Amino acid sequence: MEKRWLSLFVENDIGVLAKISGLFSGKAYNLESLTVGMTEDETVSRMTIRLISDDETFEQIKKQLNRCVEVIKVVDFTDSPIHMKELLFVKVRKCSKGDLDELFRIAEVFGVSIIDYDKESVLMECVQTESKNNALITLLSSDFQTIEVVRGGSVAIESISITER
Amino acid sequence: MQQIRGTSLLVKALQEEGVDTLFGYPGGLVTDIFDELYHQDDIKVVLPRHEQALVHEADGYARSTGKVGVCLVTGGPGAANMVTGIATAYYDSVPLVCLSGQVASSLIGDDAFQEADIVGITRNICKHGVIVNDRKNLGRILKEAFYIARTGKPGPVLVDLPKNVMVELGSDEYPDKVNIRGYKPSTKVHIGQLKKAVDLLNTSQKPIFLIGGGVNIAGAQAELTKLVELTKIPVVTTMMGKGSIDTKHPYYLGNVGMHGSYAANMAVTECDLLFSIGTRFSDRVTSKISEFARNAKIVHIDIDSAAISKNIKVDIPIVADAKEAITAMLNYVNEHETGEWLKQLLSWQGAHPLTMQSNNGLTAKKVIDHINETCQDAIVVTDVGQHQMWTIQFLELNRNMQLLTSGGMGTMGYGFPAALGAKLGNEHKTVICISGDGGMQMNIQELATAVAEELPVIICLFNNSSLGMVRQVQTLFFEKNYSSICTRRRKSCPRKCSGTSDQCPPYSPDFVALAKAYGAEGIRVTTEGEIGAAFDQALKNTDGPTIIEFIIDKDDLVLPMVQGGKPLYEMILEY
Ligand SMILES: Cc1ncc(C[n+]2csc(CCOP(=O)(O)OP(=O)(O)O)c2C)c(N)n1
Ligand SMILES: [Mg+2]
């Protein structure tokens, strides 16, 4: 079982998201995250999908997706040069003065922004790779009592010259 | 450009697609369409008595003619009733266009009367499903629906038609071309791959062809026969592939799978090359995967790339239409030296031929033998159960015979309506339905349709007073705990009945009397000697259906049988 990435070009029509997510649930494929949004062509949406599967299932998933009339193109991002970022919000509450100082330091080191705070809470906005976001959450949840996490799922695009995932 | 209503464009579309028969059940959300149909004479509109049966009728029509079957139902309950029919067609790759009425676009989401999200409900059992949101897309969507249904791997397409769209004025243009960027079915064969496969064939010692339903759907029966005769390599078929080669052909070994013949299952187990065409290796075919074709290299030709390497790892995958692939193969193959292997196969066949053990004089096999002797040109349609398996085992098929059966879904209630659809599409052919006392009851109301349309279909109803297929499983694997399988059971029966009492209550319904109540004919046959006369009488009834009820022994079994999960070579051969 391995982590895989797919980028899907689909018709920007109602029901397409349900079709794709229904395919995963109906066939018991392991979907980890799915993001979707419009592209430069308003009739086309792109989905970035993260899933976990073995090699054979992954081949089958790609074929099943290709079979959908609404799917225009399936691109495997697992091993290709891409840029991939995920949006993560973390709210840390019930902070002491020392906690607040620590959080501002963490933000600086991790290169994420604090976009809102008061005397006992901090809200961080992190646009970085999923693995960096994972590391940040691990750190925060071990050091702080009350954290609230919202993640967007990754979006990805083919690289021009360098890779970042 | 003339402005016409959506309903007119729909009828125009049906005409341009060459639709001659439409299966329709009216209701509030499609009255405008039915009014439009009332005013035309090109399309025959058939009124089934239930929307599930309606879809099976369109399905039987489509399978037997190769044309797209067209369904039209109202929204809500009408559409929901189609679900089983659509799933049945989907898993057997049958081209259908299913049109459903929908509430007006402005009401969608309001839980309006008879609003049901049928596109959502059928999303995973359709080749494609779409709601027409805008009158200006109607022509394109209908054109695409027919195109998607019949091309590539065929399948049902659902088009949901909101009421307002159907009465709105708009263009009268029905496009003559389609261009769907996400759907480009290819049928072309990769010749390099094909040559590799043929090389494997030439170097193998114990090759076998495994043929699935894809060859029948592609209409490649003649090509397959040529291929077999050129190569002299023996053939086995799946249930859906039966009939792709004459069953009396010397190189034909029968069906593989759960109720396959001993020789066919052994052939697949022991071959060194399994050359498969148009099958998706369902679990009913392979049984225990790790033991399936355990010594063989596998070539797999299928039109659906997703069917390849899904269940079985293959050595040479080829995505192509069966007919194109086989036709191309004919240029490269040559006669194969299969002497020893063939001898082995024939000895397996001789050791355990398909037979039927029974304590009764009248058996399903004897009835099917009668059909074999008297019909050379017929469409035989089965329901689901033991009677289906016996038909598939014993029915002889030649180029003029066709067998329709629900393979992927195994839908009880399929047989009788599908037979009516087949008759509607093949007026001059004898159509025989083979059903059980359980399955017949699941769409018995279609007797009214058959009487109304004056369809002389012969229904062989094998009455074993039980849901025999399930009973067989209980006999073999559940210590004869006959749970919920007796169709004669009444409240007064002991709760746990061994099924051997002499004082069983009378069977309900009385099928012969019921046939008569519908205005059909009914004949009851209890002994072997009456079979011929009953068929003669049924054949004389040319203006309506005849039920011949054959009273058979509930203990008759379908053998061989491979228990689910067991390897194909572990067959139960007798009981
Ligand atoms: C709609 C549906 N419900 C249940 C089943 C499960 N099932 C398969 S065969 C069978 C028994 C069929 O009985 P009958 O029609 O009398 O045929 P027989 O096996 O006795 O020949 C049942 C219940 C099914 N295939 N389809
Ligand atoms: Mg029965």
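All of these numbers come straight from a predicted model, not from anything done at the bench.

### Overview of the coordination of the magnesium ion (ligand 2)
Residue and element names in this part refer to chain B.
- Within the protein, the atoms that donate to the magnesium ion (ligand 2) are Asp437 (OD), Asn464 (OD1) and Ser466 (O), at distances of 2.0 to 2.1 Å.
- In primary sequence terms, the donor set of the magnesium ion (ligand 2) follows D-x26-N-x1-S. Taken together, the residues span a long stretch of sequence, with Asp437 in the loop between strand S17 (430-436) and helix H19 (446-452) and Asn464 in the loop between strand S18 (458-463) and helix H20 (468-477) at a distance of 27 residues.
- Exposure remark for Asp437: the relative accessible area of 2% places this residue in the buried category.
- The buried category is assigned to Asn464, whose relative accessible area is 5%.

### Describing the domain arrangement of chain B
All names here are of chain B.
- Considered domain by domain, chain B is made up of domain 1 (3-171), domain 2 (191-351) and domain 3 (364-551).
- On a C-alpha basis, the centres of domain 1 and domain 2 stand 37 Å from each other.
- Taken residue by residue, the interface counts 7 residues in domain 1 and 5 residues in domain 2.
- By the criterion of area lost to domain 2, the three top residues of domain 1 are Tyr91, Asp92 and Lys153, representing 67% of everything that side buries.
- On the surface where domain 1 and domain 2 come into contact, there are 1 salt bridge.
- Across the pair Lys153 and Asp304 runs a salt bridge whose closest N-O atoms are separated by 3.9 Å.
- Where domain 1 packs against domain 2, one counts 1 residue pair in polar contact (both at pLDDT 80 or more).
- Of the residues belonging to the side of domain 1 that touches domain 2, the class tally is 2 nonpolar, 2 polar and 3 charged.

### Quick word on the pairing of strand S12 (residues 273-277) of chain B
All names here are of chain B.
- Within S12, 5 of the 5 residues are buried, which leaves it mostly tucked inside the rest of the structure.
- Along S12, one buried face is formed by Leu273, Phe275 and Ile277 and the opposite face, lined by Leu274 and Ser276, is buried too.
- Pairing between S12 and strand S13 (residues 297-302): 5 bridges, direction parallel. Following the sheet pairing, Phe275 is matched in S13 by Val299.

### A look at the site of ligand 1
Residue and element names in this part refer to chain B.
- As a structural note, the neighbourhood of ligand 1 is formed by 17 residues, with Gln386, Gly410, Gly438, Gly439 and Gly468 the closest of them.
- Within the backbone of Gly410, an N or O atom sits 2.7 Å from a nitrogen atom of ligand 1.
- Gly468 is positioned such that a nitrogen or oxygen atom in its backbone is 2.8 Å from an oxygen atom of ligand 1.
- Expressed as a share of its isolated accessible area of 590 Å², the protein-covered part of ligand 1 is 76%.
- Of all the secondary structure elements, the ones that give two or more residues to the shell around ligand 1 are helix H17 (386-394) and H20.
- It is H20 that contributes the most residues to the shell around ligand 1, 3 residues altogether.
- Residues of the shell around ligand 1, tallied by class, amount to 6 nonpolar, 10 polar and 1 charged.

### Quick notes on the domain arrangement of chain A
Residue and element names in this part refer to chain A.
- Domain parsing of chain A yields domain 1 (2-76) and domain 2 (83-158).
- Summarising the inter-unit geometry, the C-alpha centres of domain 1 and domain 2 are found 29 Å apart.
- Each partner contributes to the interface: domain 1 provides 8 residues, whereas domain 2 provides 8 residues.
- Both faces considered, domain 1 and domain 2 share a buried interface measuring about 660 Å² in area, 49% of it formed by carbon and sulfur atoms.
- Taken together, the links from domain 1 to domain 2 amount to 3 salt bridges.
- When the shortest N-O distance is used, the salt bridge between Glu158 and Arg46 registers 3.4 Å.
- In this structure, the connection of domain 1 to domain 2 is made through 5 residue pairs in polar contact (both at pLDDT 80 or more).
- For the side of domain 1 that touches domain 2, the elements supplying multiple residues, two or more each, are strand S1 (2-11), strand S2 (30-38) and strand S3 (44-53).
- Examining the composition of the side of domain 1 that touches domain 2, we find that 3 residues originate from one element, S3, more than from any other.
- Looking at side-chain class alone, the side of domain 1 that touches domain 2 contains 2 nonpolar, 3 polar and 3 charged residues.

### Quick notes on the interface of chain A and chain B
- Facing 22 residues of chain A, the contacting portion of chain B comprises 22 residues.
- Roughly 1,500 Å² of surface becomes buried between chain A and chain B when both sides are summed, with 45% attributable to carbon and sulfur atoms.
- When the buried area of chain A at its contact with chain B is split by residue, Lys63(A), Arg67(A) and Val69(A) rank highest and sum to 39% of it.
- At the junction of chain A with chain B, the criterion picks out 3 salt bridges.
- Among the salt bridges present, the one from Arg181(B) reaches Glu11(A), with a minimum N-O distance of 2.8 Å.

### A short note on the packing of aromatic side chains
Residues and elements named next belong to chain B.
- Taken as a whole, this structure holds 11 aromatic pairs over all chains when the rule is applied.
- On the basis of an interplanar angle of 35 degrees and a centroid distance of 5.5 Å, the ring pair of Tyr507 and Phe511 is categorised as tilted.
- Judged by relative accessible area, Tyr507 falls into the buried class, the value being 15%.
- Through successive ring pairs, a cluster of aromatic residues spans Phe462, Phe535 and Phe550.
- When the ring centre of Tyr482 is taken as origin, the NZ or CZ atom of Arg471, which lies over that ring, is 4.1 Å away.

### Here's the deal with the sheet that holds strand S7 (residues 122-128) of chain A
All names here are of chain A.
- Across the sheet, which stays open at both edges, the 4 strands sit in the order S6-S7-S5-S8 with antiparallel pairing between neighbours. Two strands in the sheet have a free side with no partner beyond their single neighbour: strand S6 (113-117) and strand S8 (146-158). Neighbour-to-neighbour, the strand axes of this sheet turn through a mean angle of 15 degrees, independent of strand direction.
- Lying on the sheet, helix H4 (residues 130-143) is in contact with strand S5 (82-93), S7 and S8; it crosses S8 at an angle near 170 degrees.

### So, the packing of helix H1 (residues 6-16) of chain B against helix H2 (residues 31-38) of chain B
Residues and elements named next belong to chain B.
- Relative to each other, H1 and H2 sit at 55 degrees, their axes nearing to 9 Å. Judged on the interaxial angle alone, H2 and H1 are oblique. When the axes of H1 and H2 are compared, the crossing they make is right-handed. Along the contact surface, H1 presents Thr7, Ser8, Leu10 and Val11, while H2 presents Asp32, Ile33, Glu36 and Leu37.
- Each residue belonging to the contact of H1 with H2 can be placed in one class, and the counts come to 4 nonpolar, 2 polar and 2 charged.

### Details of the pattern of salt bridges
- Considering all chains together, one arrives at 34 salt bridges over all chains under this definition.
- Close ionic contact of Asp76(A) with Lys62(A) constitutes a salt bridge, the shortest N to O distance being 3.3 Å. Of the two residues, Asp76(A) sits in strand S4 (residues 71-76) while Lys62(A) sits in helix H2 (residues 55-67), which places them 14 residues apart along the sequence.
- When its relative accessible area of 16% is taken as the criterion, Lys62(A) is described as buried.
- Residues Asp377(B) and Lys429(B) are paired through a salt bridge, measuring 3.1 Å at the closest nitrogen-oxygen approach. Taken together, the residues span a long stretch of sequence, with Asp377(B) in the loop between helix H16 (364-374) and strand S15 (378-382) and Lys429(B) in the loop between helix H18 (415-425) and S17 at a distance of 52 residues.
- Connected via shared salt-bridge partners are Lys3(A), Glu32(A), Arg50(A) and Glu130(A).

What counts and what doesn't
- Residues numbered from 1 in each chain as written.
- Chains lettered and ligands numbered in written order.
- Predicted model: local features only at pLDDT ≥ 70, side-chain atom pairs only at ≥ 80, totals over all residues.
- Heavy atoms only, no water.
- Donors = N, O, S within 2.8 Å, 3.2 Å for Na, K, Ca; no water.
- Helix = DSSP H or I, 4+ residues; strand = E, 2+ residues; numbered from the N terminus.
- Buried < 20%, exposed > 50% of the residue type's maximum accessible area, 1.4 Å probe, protein only.
- Domains from an automatic or database assignment.
- Contact = heavy atoms within 4.5 Å.
- Buried area = accessible area lost by both parts, 1.4 Å probe.
- Salt bridge = Lys/Arg side-chain N within 4 Å of Asp/Glu carboxyl O.
- Polar contact = N/O pair within 3.5 Å; in protein donor to acceptor, adjacent residues only side chain to side chain.
- Nonpolar A, V, L, I, M, F, W, Y, C, P; charged D, E, K, R; others polar.
- Pairing = 2+ DSSP bridges.
- Near = heavy atom within 4 Å.
- Areas by Shrake-Rupley, 256 points an atom, 1.4 Å probe, with all protein chains shown as cover.
- Phe/Tyr/Trp six-rings, centres within 6.5 Å; stacked < 30°, edge-to-face > 60°.
- Lys NZ or Arg CZ within 6 Å of the ring centre and 35° of its normal.
- Axes fitted to C-alpha atoms, helices over the stretch in contact; angles between N-to-C directions.
- Parallel < 35°, antiparallel > 145°, perpendicular 65-115°, else oblique.
- Left-handed = near helix turned anticlockwise from the far one by under 90°.

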